[in-house]
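Listed below, chain by chain, are the residues.
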Amino acid sequence: METIGGYLISCIKHTGTRLFDRMLAEADIDAFNGAQGRILYVLWQEDEVSISRLSARTSLANTTLTSMLDRMEANGLIVRKPSPRDRRACLIALTEKAKQLQQDYDRISQRMNQLYYRGFSETEIRQLEGYLTRVLKNLEEEERT
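A short tour of the structure in this document, coming up. Quick caveat: nothing in here was measured; it's all calculated off a predicted structure.

Some remarks on the overall build of the protein
Next up, step 1: For the protein, the count of helices and strands is 7 helices and 3 strands.
Next up, step 2: Taken from N to C terminus, the helices and strands of the protein fall in the order α-α-β-α-α-β-β-α-α-α.
Next up, step 3: Sorting the 145 residues of the protein into buried and exposed places 28% on the buried side.
Next up, step 4: Counting contacts in the protein only where the partners sit at least 6 residues apart, residues at least 24 apart contribute 50% of the total.
Next up, step 5: Here the protein displays about 10,300 Å² of accessible surface, and carbon together with sulfur accounts for 50% of that area.
Next up, step 6: Measuring between centres, the 21 positive side-chain charges of the protein sit 2 Å from its 21 negative side-chain charges.

This is the structure we're talking about:
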């Protein structure tokens, strides 16, 4: 049986990212892009996290994440703080500027969710998210081996 799930997921990701970036631009939000929004989203849920935890929560490689964090720090969105538990580690924390952007991000995210699920019943949404969660779990398990 030929399947195209991976291809479709990749197309959805790229199309969604372009659309999200366009919505940010239309709303005159230029402080961050869609990819950086993923990082901010995690930090809005749990501020002051280690880079390794942020990497795990965003599915971004440490090297990719580090360069994105450098840009976000230069734009005044995050700061690096020394970890109180480990002198060698640092924690990533939101600035007031980033905290003030959460409402705009949430509004655009809600609009994206409406687009993703347009025409879906609640049951279909739960099923789809269950399937996608299983796919992600499969990939994460394989990545750890």
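Here we look at the side chain of Thr 95
Next up, step 1: Within the secondary structure layout, Thr 95 lies in the loop between strand E3 (90-94) and helix H5 (96-100).
Next up, step 2: At 2.6 Å, the side chain of Thr 95 and the backbone oxygen of Gly 76 are in polar contact.

Details of the packing of helix H3 (residues 51-58) against helix H4 (residues 62-74)
Next up, step 1: Relative to each other, H3 and H4 sit at 105 degrees, their axes nearing to 10 Å. Judged by the angle between their axes, H3 and H4 are roughly perpendicular. Of H4, the residues touching H3 (which contributes Ile 51, Ser 52, Leu 54 and Ser 55) are Asn 62, Leu 65 and Leu 69.
Next up, step 2: Here the contact of H3 with H4 is built from residues that sort into 4 nonpolar, 3 polar and no charged.

Criteria and thresholds
- Residues numbered from 1 in each chain as written.
- Predicted model: local features only at pLDDT ≥ 70, side-chain atom pairs only at ≥ 80, totals over all residues.
- Heavy atoms only, no water.
- Helix = DSSP H or I, 4+ residues; strand = E, 2+ residues; numbered from the N terminus.
- Buried < 20%, exposed > 50% of the residue type's maximum accessible area, 1.4 Å probe, protein only.
- Contact = heavy atoms within 4.5 Å.
- Areas by Shrake-Rupley, 256 points an atom, 1.4 Å probe, with all protein chains shown as cover.
- Lys, Arg positive; Asp, Glu negative; His and termini not counted.
- Charge placed at Lys NZ, Arg CZ, Asp CG, Glu CD.
- Polar contact = N/O pair within 3.5 Å; in protein donor to acceptor, adjacent residues only side chain to side chain.
- Axes fitted to C-alpha atoms, helices over the stretch in contact; angles between N-to-C directions.
- Parallel < 35°, antiparallel > 145°, perpendicular 65-115°, else oblique.
- Nonpolar A, V, L, I, M, F, W, Y, C, P; charged D, E, K, R; others polar.

By themselves, these observations are geometric and do not establish any function.
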